[in-house]
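Notes for the structure review
As a plain string of letters, each chain reads:
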Amino acid sequence: MKLAYLGPEGSFTSEIASLYDQSYQLIPSFSIYDCLEKLNKEEVDLAVVPIENSIEGSVNQAIDYLYHHSVFHIQAEFILPIKQAMLVHPNWVKKLEHIEGVRTHPQAFSQVHDYLTSHFRALTFTPTTSTSEGIKYVSEHPEQALLGVGLKQTGENLGLVCLEEDAQKTPSNETRFWVISKNKEAKVQLSKTIRQTIMLTLPEDQAGALHRILSPFAWRDINLTKIESRPLQTELGNYYFVLDILVEDAKWIEQAIAELLYHKIEVKNLGIYSAYRLNFDE
Ligand SMILES: O=C(O)C(=O)Cc1ccccc1
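Quick caveat: nothing in here was measured; it's all calculated off a predicted structure.

So, the nonpolar core
With 27 residues, the main nonpolar core has Leu36, Val49, Leu66, Trp178 and Ile180 as its most contacted residues. Contributions of two or more residues to this core are made by β1 (2-6), α2 (32-40), β3 (46-53), α3 (60-68), β5 (72-81), β11 (174-182), β14 (239-246) and β15 (266-277).

A few points about the UniProt feature "domain: Prephenate dehydratase" (unreviewed entry) in the protein chain
The sites that carry the UniProt feature "domain: Prephenate dehydratase" (unreviewed entry) are, in the present numbering, residues 2-182. Secondary structure across residues 2-182 comprises 31% helix and 33% strand; the distance between its end C-alpha atoms is 13 Å.

So, the site of the ligand
In the vicinity of the ligand, the contacting residues are Leu6, Ser11, Phe12, Thr13, Pro50, Gln84, His105, Gln111, Ser130, Thr131 and Thr175. At a separation of 2.8 Å, an oxygen atom of the ligand approaches a polar backbone atom of Phe12. One of the side-chain nitrogen or oxygen atoms of Thr131 is found 2.5 Å away from an oxygen atom of the ligand. Taking 320 Å² as the accessible area of the ligand by itself, protein coverage stands at 99%. For the shell around the ligand, the residue count by class is 3 nonpolar, 8 polar and no charged.

What to know about the domain arrangement of the protein chain
Split into domains, the protein chain comes out as domain 1 (85-164) and domain 2 (193-271). Taking the mean C-alpha position of each, domain 1 and domain 2 sit 41 Å from one another.

Quick word on the pairing of β15
Direction of pairing for β5 relative to β15: parallel, over a ladder of 4 bridges. Bridged to Ile79 within β15 is Arg277. Note that strand β12 (residues 193-201) and β15 share 8 bridges and pair antiparallel. Bridging across to β15, Leu200 finds its partner in Val267.

Section: the UniProt feature "site: Essential for prephenate dehydratase activity" (unreviewed entry) in the protein chain
Sites flagged by UniProt as "site: Essential for prephenate dehydratase activity" (unreviewed entry) map to Thr175. Among the secondary structure elements, Thr175 is positioned in strand β11. Here Thr175 falls in the buried class, since its relative accessible area comes to 7%. What Thr175 contacts, discounting residues up to four positions off in sequence, is Pro50, Glu52, Asn53, Phe78, Ile79, Leu80 and Ile82.

Thresholds applied
- Residues numbered from 1 in each chain as written.
- Predicted model: local features only at pLDDT ≥ 70, side-chain atom pairs only at ≥ 80, totals over all residues.
- Heavy atoms only, no water.
- Core = buried A, V, L, I, M, F, W, Y, C linked by side-chain atoms within 4.5 Å.
- Buried < 20%, exposed > 50% of the residue type's maximum accessible area, 1.4 Å probe, protein only.
- Helix = DSSP H or I, 4+ residues; strand = E, 2+ residues; numbered from the N terminus.
- UniProt positions renumbered as here; feature names shortened; annotations may be inferred.
- Near = heavy atom within 4 Å.
- Polar contact = N/O pair within 3.5 Å; in protein donor to acceptor, adjacent residues only side chain to side chain.
- Areas by Shrake-Rupley, 256 points an atom, 1.4 Å probe, with all protein chains shown as cover.
- Nonpolar A, V, L, I, M, F, W, Y, C, P; charged D, E, K, R; others polar.
- Domains from an automatic or database assignment.
- Pairing = 2+ DSSP bridges.
- Contact = heavy atoms within 4.5 Å.

Below, the structure is given as structure tokens:
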């Protein structure tokens, strides 16, 4: 069995991949799109991708891919505490004033932007598809005065020096990751939280759209942990909606979904899954 994840090894996503199920062969992918394409083409059995960060919000490439492509099921969710370390090659530790660029994932860059502006002169930002891709580049180009941002351990494994272990702008920084399968129902395991995610497409210009989406859940006291609109990519002002639902009694959710279908709302059901919050400090 194969599991694709956003690589290379040493990304935050690889932390989840290595935790999920030791029996899977881990396949690193160079982007979220590549990761989900592998799953869609059934080259792998599962894919792990980041889908939301507590500071930067949704990872749009992941959410949009799941909406616009075939039938996927969420097997599990993991919430990982994120600590962004600042990493440099040993050549530059005593010459930090010469640092001229930073290479990392855009979400990581935003999370540490305040630290960078208070400790370095204006840096050139080169976006990479993952934090570990940026760290790998910094370790392979000692002649360039660059910073990597990501997992401390990843940097140290590649011979880099950690200047700061926890450089993000807020104490709480967590990212949600989904373990996704194609055409296979999730094996619902016992856990603190069971969640369901659905994606809704409304008929053209339906008046009172949000009311039509929310009321079937509201009057049944169903807890929506997240609702988000995303561009349909047809024309400005057309959206689809992503709803994360706390599953306390599945039959009420089935009834709410039946009500949506009655109102000609298209429902893409990503399934019921276990949501785990990881805390390595315990
Ligand atoms: O780039 C990584 O290491 C990832 O796994 C994506 C990511 C980037 C920033 C915060 C959380 C996940």
